[in-house]
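# Structure at a glance
This is what each chain is made of:
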Amino acid sequence: MNALEIKNVSKSFSGFRLDNISLTLPSGCIMGLIGENGAGKSTTVKLILDMLHKDSGTITILGKDNGKDISLIKEDIGVVMDEVGMPECLTVKQVGRVMKHTFRNWNEAEYARLLQKLSLPDNKPFKDFSRGMKMKLGIAVAMSHGAKLLLLDEPTSGLDPVVRDEVVEMFYDFTRDENHSILISSHIVSDLERLCDYVAFLHKGKLLLCEEKDVLLSEYGIIHCTVEQLSALDKEIIKYRKETPYGAEVILPRKDAPEGFKLSPVSIEELFVFMVKEAR
Amino acid sequence: MKGLLLKDWYMTKKYFRYYLLVAIGFLFLSLVSKGNLFFIFYPCFLCGMIPVNLLGYDERSRFTEYVGTFPYTKTQIVSAKYLIGLFAQIAMLTVTGIAQGVKKSITHEFVLKEFLVLMMLLLIMAAITSSLTLPFIFKYGVEKGRMAYYVMTGFVCAGSIIFTKLLLGGNQVEIKLNAILPLVCLVCVGIYLLSWYLSIVFYKKREI
């Protein structure tokens, strides 16, 4: 079963349109949603949760249509938004009590374990938390009720590198269970590159690409050459190109790489930047 | 919905403690003043405004958005606010009723009919204030809906003056008031329920 299926979903606002998005996240996998600010990442997450009403298309979560009984489906979803909107006066303990009466499968012991692991204080009100601490609390809440799908919108923003590493490890552990899946959006492409099985590129509301990460990395390579060498290359094989005063960089299918050039592995970040620049 | 009510209870305890002091002060003034209904109405009005202010705090902390990630229906989200307001208003009506009843009994002025009139007036004020404010807030958000809050404050002040004058104005008016009040009470309860329903309808259409 797929954890998430988005088919031909569109949503229009004044000045922005999320245009005919389709993507599939198989169970047990992690998909990274990569895009610049305003690309439509948060809109996509909100549409999945039915917080925004889609104009067209269908969204299926864990085999169920999100238009029907979304509140029941949310029992199985853990969400971390780009900003954790916990009431400011609540302490971590009080949040735990509220969540105990919110989720049927709330696991107090797991919550306590995560609080300890993430070094969150028991009796400090939420308003006194740093941004990083707020995100950590959001992550602890999202992972303490037996969720099968995590929707994470910029979950590592505001975290220092050490904690970010720990959190990424937690997400990785989460998907050791083959019924667990994650859709994660982030600007920090290096985190996603390490974590994800699938990557999806969003740009100005359009899905540029949705592919298995390993397929992408094995399919494409990058060559560094001069502008003259670039103009001599067969244009048909060039997937993406970038010219600078110092030379040129070309991403192309590995199988089509011309002889005499050193083909380097392309990173997801490079691929994304090239694709977005090409799309502009 | 228990989780939402518990969260609102924690917030009420934290942010509205001073309401209790104001209510006690006004309760005291209502006991020592001679028939000024403003002192009796105002604490009930304050209690009716608790859900409005809770929504303000929710919006400021972005809980109005965050709650959309939890397994609550929009009906439950709206109903939690109505219930917390209802609990607060019932508690205040009870306390006010007991205080006024004891005062009148001590001064040997207790007349059941007059007491019931007072209770009905309180019920009307309490029901109307939150009924007319909350649907605007659930439709337009706290900032735009705040206009309704100011209108309601004016409504309470004006209502207090009018009812005080009517009740002190003579037996004839009082008798007429006695006859109409139960009907007005029923209408107000109807408006309250309609308001609850409309808030749910508005909130379901709203994107968060």
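Residues numbered from 1 in each chain as written. Chains lettered and ligands numbered in written order. Predicted model: local features only at pLDDT ≥ 70, side-chain atom pairs only at ≥ 80, totals over all residues. Heavy atoms only, no water.

### Concerning the overall build of chain B
Of the regular secondary structure elements, chain B holds eight helices and zero strands. Starting at the N terminus and walking to the C terminus, you meet the elements of chain B as α-α-α-α-α-α-α-α. Since a compact globule built from 208 residues should have a radius of gyration of about 17 Å, the 18 Å found for chain B is in line with a globular shape. Projected onto the principal axes, the alpha-carbon positions of chain B cover approximately 55 × 30 × 25 Å. Residues counted as buried form 52% of the 208 residues belonging to chain B. In the structure as shown, chain B presents an accessible area of about 10,200 Å², 73% of it carried by carbon and sulfur atoms. Looking at chain B, you have 21 positive and 9 negative side-chain charges, and the mean spots of the two groups are 1 Å apart. (Helix = DSSP H or I, 4+ residues; strand = E, 2+ residues; numbered from the N terminus. Rg over C-alpha atoms; globule rule 2.2 N^0.38 Å. Buried < 20%, exposed > 50% of the residue type's maximum accessible area, 1.4 Å probe, protein only. Areas by Shrake-Rupley, 256 points an atom, 1.4 Å probe, with all protein chains shown as cover. Lys, Arg positive; Asp, Glu negative; His and termini not counted. Charge placed at Lys NZ, Arg CZ, Asp CG, Glu CD.)

### Describing a negative patch on the surface
Residues and elements named next belong to chain A. On the surface, a cluster of negative charge is contributed by Asp-197, Glu-211, Glu-212, Asp-214 and Glu-219. Sorting the residues of the negative patch by element identifies strand E10 (206-212) and helix H8 (213-219) as the ones contributing at least two each. The residue Asp-197 is located in the loop between helix H7 (189-195) and strand E9 (198-203) in this model. (Patch = residues over 30% accessible without salt bridge, like charges linked within 9 Å, V, L, I, M, F, W, Y side chains within 5 Å. Salt bridge = Lys/Arg side-chain N within 4 Å of Asp/Glu carboxyl O.)

### With respect to helix H4 (residues 108-117) of chain A
Residues and elements named next belong to chain A. Buried residues of H4: Tyr-111, Leu-114 and Leu-115, and no others. For H4, the angular spread of the buried residues around the axis is 105°, confining them to a single face. Turned more than 90 degrees away from the buried face of H4 sit Ala-109 and Gln-116, all of them exposed. Packed against the buried residues of H4 are helix H3 (92-100), helix H5 (131-142) and helix H6 (161-174). (Arc of directions from axis to C-beta. Contact = heavy atoms within 4.5 Å.)

### Brief notes about a nonpolar patch on the surface
All names here are of chain B. Taken together, the side chains of Phe-28, Leu-29 and Val-32 define a hydrophobic patch exposed on the protein surface, amounting to about 290 Å² of accessible area. Position of Leu-29 among the secondary structure elements: in helix H2 (residues 17-32). Residue class for Leu-29 comes out partly exposed when judged on its relative accessible area of 34%.

### A closer look at the domain arrangement of chain A
All names here are of chain A. Segmenting chain A into domains produces domain 1 (2-204) and domain 2 (216-279). Just the C-alpha atoms count here: the centres of domain 1 and domain 2 sit 34 Å apart. Taken together, the contact pairs 10 residues of domain 1 with 10 residues of domain 2. When domain 1 packs against domain 2, the two sides together hide about 810 Å² of surface, and 83% of this comes from carbon and sulfur. For domain 1, the biggest contributors to the area lost against domain 2 are Glu-193, Phe-201 and His-203; these three give 58% of the whole. Viewed at the interface, domain 2 and domain 1 are joined by zero salt bridges. Seen at the junction of domain 1 and domain 2, the total is one residue pair in polar contact (both at pLDDT 80 or more). Secondary-structure elements contributing two or more residues to the side of domain 1 that touches domain 2 are strand E3 (30-35), H7 and E9. Looking at the side of domain 1 that touches domain 2 element by element, the count peaks at four residues for E9. For the side of domain 1 that touches domain 2, the residue count by class is five nonpolar, three polar and two charged. (Domains from an automatic or database assignment. Buried area = accessible area lost by both parts, 1.4 Å probe. Polar contact = N/O pair within 3.5 Å; in protein donor to acceptor, adjacent residues only side chain to side chain. Nonpolar A, V, L, I, M, F, W, Y, C, P; charged D, E, K, R; others polar.)

### A short note on the interface of chain A and chain B
The partner chain B presents 26 residues to the 30 residues of chain A that form the contact. The interface formed by chain A and chain B contains four salt bridges. Here Glu-65 of chain B and Lys-46 of chain A are joined by a salt bridge, their closest N and O atoms 3.1 Å apart. One can count 13 residue pairs in polar contact (both at pLDDT 80 or more) joining chain A with chain B. Where the side of chain A that touches chain B is concerned, the elements lending two or more residues are strand E1 (2-13), H3 and H5 of chain A. Looking at which element gives the most residues to the side of chain A that touches chain B, the answer is H3 of chain A, with four residues. Residues belonging to the side of chain A that touches chain B are distributed by class as follows: 15 nonpolar, seven polar and eight charged.

### Describing the pairing of E3 of chain A
All names here are of chain A. By the criterion of burial, E3 is predominantly enclosed, with six of the six residues buried. Residue alternation in E3 divides its side chains into two sets, Ile-30, Gly-32 and Ile-34 and Met-31, Leu-33 and Gly-35, and both sets are buried. Pairing geometry for E3 and strand E8 (residues 181-185), over four bridges, is parallel. Each bridged residue has a counterpart across the sheet, and for Met-31 the counterpart in E8 is Leu-183. Alignment of E3 against E9, held across five bridges, turns out to be parallel. (Pairing = 2+ DSSP bridges.)

### Re the pattern of salt bridges
Oppositely charged side chains are able to pair whenever their charged atoms sit close together. All names here are of chain A. Going through the model one piece at a time under the given rule, you end up with 23 salt bridges over all chains. Between Glu-108 and Lys-100 there is a salt bridge, with the nearest N and O atoms lying 3.6 Å from each other. With relative accessibility at 48%, the residue Glu-108 sits in the partly exposed group. For Lys-100, a relative accessible area of 44% puts it in the partly exposed group. As a salt-bridge pair, Glu-110 and Arg-113 come within 3.0 Å of each other at their nearest N and O atoms. Separated by three residues within a single helix, Glu-110 and Arg-113 lie in helix H4, roughly one turn from each other. Taking relative accessible area as the criterion, Glu-110 reaches 22% and is therefore assigned partly exposed.

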